[in-house]
Amino acid sequence: MKRGENIAREKIAREKEKTKNSEISKSEKTEPNGKATKEENLNWENSRELKIFISEKISKKNREKILNELSNSFSIHETKTIDGSDIAILSEKEIDRAKENILSILFVSRKTGKINPELTEKGISDVITSRDIQKKLSFSIKSLLKFLKKQNSISEGRIDTLLKVEEEIEKNRNSTYILLAIQICNFDSIVILFGEMISQKLSNYIEKILKEIEGEKLIGKISERKFILLKKTEKQDYESALKEAESLAKRIIKSFENIQKVYEKETNIPLNIGVAIYPYDNDKTEELVHLAEELIMKDTSESKISFVSDEMKNRKYIKVKILNQLLRAIEEKRLLFAFQPVYEAKTMKLKMIEVLLRWKGEEINPEDILEATYISGLEKKLIEYMFVNLCEILQKIKKRYDFSVNLHMRNLTKGVVYKIMNIISYYGVPPTNICIEISEKSKPDEIIENKQNLLMLKNTGMKIAIDDFGSKESSIFQIREIPADIVKVDREIVKLLTSDEEEKRKFAECIFLMLKGTGKKIVVEGIETEEELKESIRLGADFVQGFLLSHPIGEEELLSMI
């Protein structure tokens with residue numbers, strides 16, 4: 001029987017079962033407000049009542065509209081306080097009543113459907129006009145609840161797993177444990193190609209494999225695509241434990257090779273497995289899990305087993321240190337700027353200055369600082385700190401140069417974007433002198449989610465650049481989706497320009513040819529030799545930077561230079 005026929009039959013069977021269950025339970029449904037009935041397909045925490053707070057300031061007419069619209073999809077229970085609600089609906093005059101810790105707040109306005117910075121910072125997720133209640137309200141709440149349920153599910157899975165790992169290791173603190181983080185690669189694509197039912201079947205299949213491995217204990221399912229397995233080993237030395245872990249990982253991959261039986265057709269679904277050993281890689285369970293997860297962050301085209309390196313351990317130590325000291329470093333202004341000059345290729349005149357974040361007295365990668373602020377929730381505070389300091393420096397400079405700042409797409413929430421625009425406006429800095437460099441580590445979903453926010457900055461006159469194009473992280477997707485004016489070519493491509501291998505030189509030339517075809521300005525980074533400079537100019541570079549031309553300099557040296 002063909003796969004399509006199977007799916008069709010299963011779908012029909014599900015619909016029949018749903019209809020049957022609906023008829024059986026129809027008489028049992030309640031109507032708390034006299035109108036609502038439970039929506040079978042909502043499944044919000046087992047179809048419990050939606051607790052909703054509606055402000056007394058909202059007119060009786062609009063109140064009735066809201067209740068009527070929501071009654072079509074939800075079983076409603078009105079609460080008397082915001083704190084006891086799932087969703088709070090306020091009038092435009094009640095911004096101060098919004099709770100920052102309640103993200104699920106909808107704001108009803110008769111005049112505007114736009115979200116301003118004040119509303120975003122308060123946690124208001126959407127704006128509904130009286131005119132749009134019937135069109136938009138139910139959809140907005142469904143989308144919000146779906147997002148919150150997904151977030152809560154992931155959070156609960158992670159917390160539950162960490163507690164189980166801690167509990168298991170606590171029993172035998174002096175023993176050695178193997179911890180595997182296992183990820184089904186390209187899971188989102190599987191959902192799109194095969195549907196929710198097949199992807200769920202796939203997730204259950206890998207869980208079954210892990211449970212059936214003799215002597216092993218499945219500790220947790222963090223999400224549909226990610227699992228944690230913990231095993232106590234009799235091997236006390238690190239090398240022996242690593243060998244046993246590798247053997248276990250290979251057994252899991254081997255068992256998973258029969259996955260075509262689940263799909264009824266041969267399909268390549270790789271597994272990415274990260275290995276961490278307690279207590280050698282880390283003696284704190286949470287950090288041990290994080291290390292293993294870090295190894296499987298990226299999807300792979302074939303099954304892969306990775307191990308914790310000394311460099312990873314050191315970087316993890318640094319990240320923990322950053323997290324512990326970040327807020328104090330911002331308050332005490334221990335985060336400083338270095339400046340990398342960028343020159344016009346034809347004239348060698350100074351045209352742009354890249355702003356680089358530095359930690360006073362510490363050799364810390366700026367990427368680690370940005371990541372730590374994201375994890376700790378301090379990113380808005382850090383970005384505010386960066387732009388305030390940058391604007392103060394720009395006020396000291398009489399001649400105008402473009403200054404570029406590195407950010408991730410995930411940083412560019414509406415709240416952050418409005419904060420940047422407010423700071424620049426307050427200091428009177430022309431937006432045309434600011435360039436936002438988008439990190440090559442920005443993920444496709446982050447780019448799609450915050451693209452409109454980036455366009456808001458571009459529409460003020462700010463320039464947009466794609467950073468480090470040609471590095472391991474970058475892709476053609478960024479060129480296509482990010483509304484950039486500038487592309488910065490990474491050092492990895494620059495090195496190929498002077499390679500002894502003709503194939504590598506031609507590849508680099510193709511990159512330049514493609515970028516010229518986009519019409520974007522090209523900045524070549526990391527130039528260290530005269531030959532690299534010459535080749536970059538020959539291939540059409542508009543701007544150049546690198547140690548050959550100037551090392552990063554401090555604020556005083558910058559001011560004296562310009």
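In case you missed it, the structure is sitting above this.
Remember, it's a predicted structure, so these values are computed and weren't measured experimentally.

1. Remarks on the pattern of salt bridges
Stage number 1. Summed over all chains, the structure comprises 28 salt bridges.
Stage number 2. Linking Glu 78 and Arg 63 is a salt bridge whose minimum nitrogen-to-oxygen distance equals 2.9 Å. Of this pair, Glu 78 sits in strand β2 (residues 76-78) while Arg 63 sits in helix α2 (residues 60-71), placing them 15 residues apart in sequence.
Stage number 3. When its relative accessible area of 31% is taken as the criterion, Glu 78 is described as partly exposed.
Stage number 4. When the shortest N-O distance is used, the salt bridge between Arg 491 and Glu 528 registers 3.4 Å. Here Arg 491 is found in helix α16 (residues 491-496), whereas its partner Glu 528 is found in the loop between β17 (521-524) and α18 (530-538), with 37 residues between them in sequence.
Stage number 5. Judged by relative accessible area, which is 40%, Glu 528 ranks as partly exposed.
Stage number 6. A cluster of three or more residues bridged by salt bridges with shared partners is formed by Glu 207, Lys 211, Lys 221 and Glu 224.

2. A few points about the packing of helix α5 (residues 187-194) against helix α6 (residues 196-212)
Stage number 1. One way to put it is that α5 packs onto α6 with a least axis distance of 7 Å and a crossing angle of 135 degrees. Put simply, α5 runs oblique to α6. Between α5 and α6, the contacting residues are Phe 187, Ile 190, Val 191 and Phe 194 on the first element and Glu 196, Ile 198, Ser 199 and Leu 202 on the second.
Stage number 2. When the residues that make up the contact of α5 with α6 are grouped by side-chain class, the tally is six nonpolar, one polar and one charged.

3. Some details on the environment of Glu 367
Stage number 1. Along the chain, Glu 367 falls in helix α11 (residues 366-376).
Stage number 2. Beyond its immediate chain neighbours, meaning those up to four positions away, Glu 367 contacts His 408, Ser 439 and Lys 441.

4. So, helix α13 (residues 414-427)
For the α-helix, the turn length of 3.6 residues means that residues three or four positions removed from each other point alike.
Stage number 1. Helix length check: α13 (14 residues) gives 20 Å between terminal C-alpha atoms against 20 Å at 1.5 Å per residue, within 8%.
Stage number 2. The complete set of buried residues in α13 reads Gly 415, Val 416, Val 417, Tyr 418, Ile 420, Ile 423, Ile 424 and Tyr 427.
Stage number 3. At the exit of α13 stands Gly 428, carrying a positive phi of roughly 70 degrees.

5. Quick notes on the side chain of Glu 207
Stage number 1. With respect to the secondary-structure elements, Glu 207 resides in helix α6.
Stage number 2. Of the residues examined, Glu 207 reaches a relative accessible area of 18% and is grouped as buried.
Stage number 3. For Glu 207, the side chain forms a polar contact with the side chain of Lys 221, separated by 3.5 Å.

6. Regarding the pairing of β17
Stage number 1. Both strand β16 (residues 486-489) and β17 contribute to a ladder of four bridges, which runs parallel. Bridge pairing in β17 links Val 487 to Ile 522.
Stage number 2. Bridge count for β17 against strand β18 (residues 543-544) is two bridges, and the pairing is parallel. Looking across to β18, one finds that Val 524 is bridged to Val 544.
Stage number 3. Viewed along the sheet, the connection from β17 through α18 into β18 turns out right-handed.

7. Focus: the environment of Glu 331
Stage number 1. Locating Glu 331 in the fold gives a position in helix α10 (residues 310-331).
Stage number 2. Exposure remark for Glu 331: the relative accessible area of 55% places this residue in the exposed category.
Stage number 3. Between the alpha carbons of Glu 331 and Tyr 385 there is a distance of 9.1 Å; along the sequence they are 54 residues apart.

8. Here's the deal with the nonpolar core
Stage number 1. Leu 335 and Phe 403 are the most contacted members of the largest nonpolar core, which has 75 residues in total.
Stage number 2. If one sorts the elements of this core by residue count, helix α12 (residues 379-396) sits on top with nine residues.
Stage number 3. When sequence neighbours within four positions are dropped, the list of residues in contact with Phe 403 reads Phe 339, Ile 353, Val 355, Leu 390, Leu 394, Ile 397, Asn 433, Ile 434, Cys 435 and Leu 558.
Stage number 4. Counting 28 residues, the second largest nonpolar core, distinct from the first, contains Ile 198, Leu 202, Leu 248 and Ile 277.

9. Considering the sheet that holds β17
Stage number 1. Spatially, β11-β12-β13-β14-β15-β16-β17-β18 is the arrangement adopted by the eight strands of the closed barrel, whose pairing is mixed.
Stage number 2. The pairing of strand β12 (residues 350-359) with strand β13 (residues 402-407) spans four bridges and is classified as parallel. Within β13, the position partnered with Glu 354 by the bridge is Ser 404.

10. Structural notes on the packing of aromatic side chains
Stage number 1. A full pass over the atoms with the stated rule returns five aromatic pairs.
Stage number 2. Ring centres 6.2 Å apart and planes at 65 degrees place the aromatic pair Tyr 177 and Tyr 278 in the edge-to-face group. Placement of the pair is Tyr 177 in strand β6 (residues 176-184) and Tyr 278 in strand β9 (residues 271-278), with a sequence separation of 101 residues. Neither residue differs from the other here; Tyr 177 and Tyr 278 are each classed as buried.
Stage number 3. Their ring planes at 90 degrees and their centres at 6.3 Å tell us that Phe 339 and Phe 403 sit as a pair that is edge-to-face. In this pair, Phe 339 is assigned in strand β11 (residues 335-344) and Phe 403 in strand β13, connecting sequence segments 64 residues apart.
Stage number 4. Residue classification places Phe 339 among the buried residues on the basis of a relative accessible area of 0%.

11. What about unusual backbone geometry?
Stage number 1. Put simply, Tyr 278 and Pro 279 share a cis peptide bond, and its omega is 0 degrees.
Stage number 2. In this structure, Pro 279 sits in the loop between β9 and α9 (285-294).
Stage number 3. Positive phi values are uncommon outside glycine, yet Asn 186 reaches one of about 55 degrees.
Stage number 4. In this fold, Asn 186 is placed in the loop between β6 and α5.
Stage number 5. For Asn 186, a relative accessible area of 31% translates into the label partly exposed.
Stage number 6. A positive phi angle is found at Met 348, which is not glycine, with a value near 60 degrees.

Calculation criteria
- Residues numbered from 1 in each chain as written.
- Predicted model: local features only at pLDDT ≥ 70, side-chain atom pairs only at ≥ 80, totals over all residues.
- Heavy atoms only, no water.
- Salt bridge = Lys/Arg side-chain N within 4 Å of Asp/Glu carboxyl O.
- Helix = DSSP H or I, 4+ residues; strand = E, 2+ residues; numbered from the N terminus.
- Buried < 20%, exposed > 50% of the residue type's maximum accessible area, 1.4 Å probe, protein only.
- Axes fitted to C-alpha atoms, helices over the stretch in contact; angles between N-to-C directions.
- Parallel < 35°, antiparallel > 145°, perpendicular 65-115°, else oblique.
- Contact = heavy atoms within 4.5 Å.
- Nonpolar A, V, L, I, M, F, W, Y, C, P; charged D, E, K, R; others polar.
- Expected span 1.5 Å × (residues − 1).
- Polar contact = N/O pair within 3.5 Å; in protein donor to acceptor, adjacent residues only side chain to side chain.
- Pairing = 2+ DSSP bridges.
- Right-handed = clockwise from strand over helix to strand, strands pointing away.
- Core = buried A, V, L, I, M, F, W, Y, C linked by side-chain atoms within 4.5 Å.
- Phe/Tyr/Trp six-rings, centres within 6.5 Å; stacked < 30°, edge-to-face > 60°.

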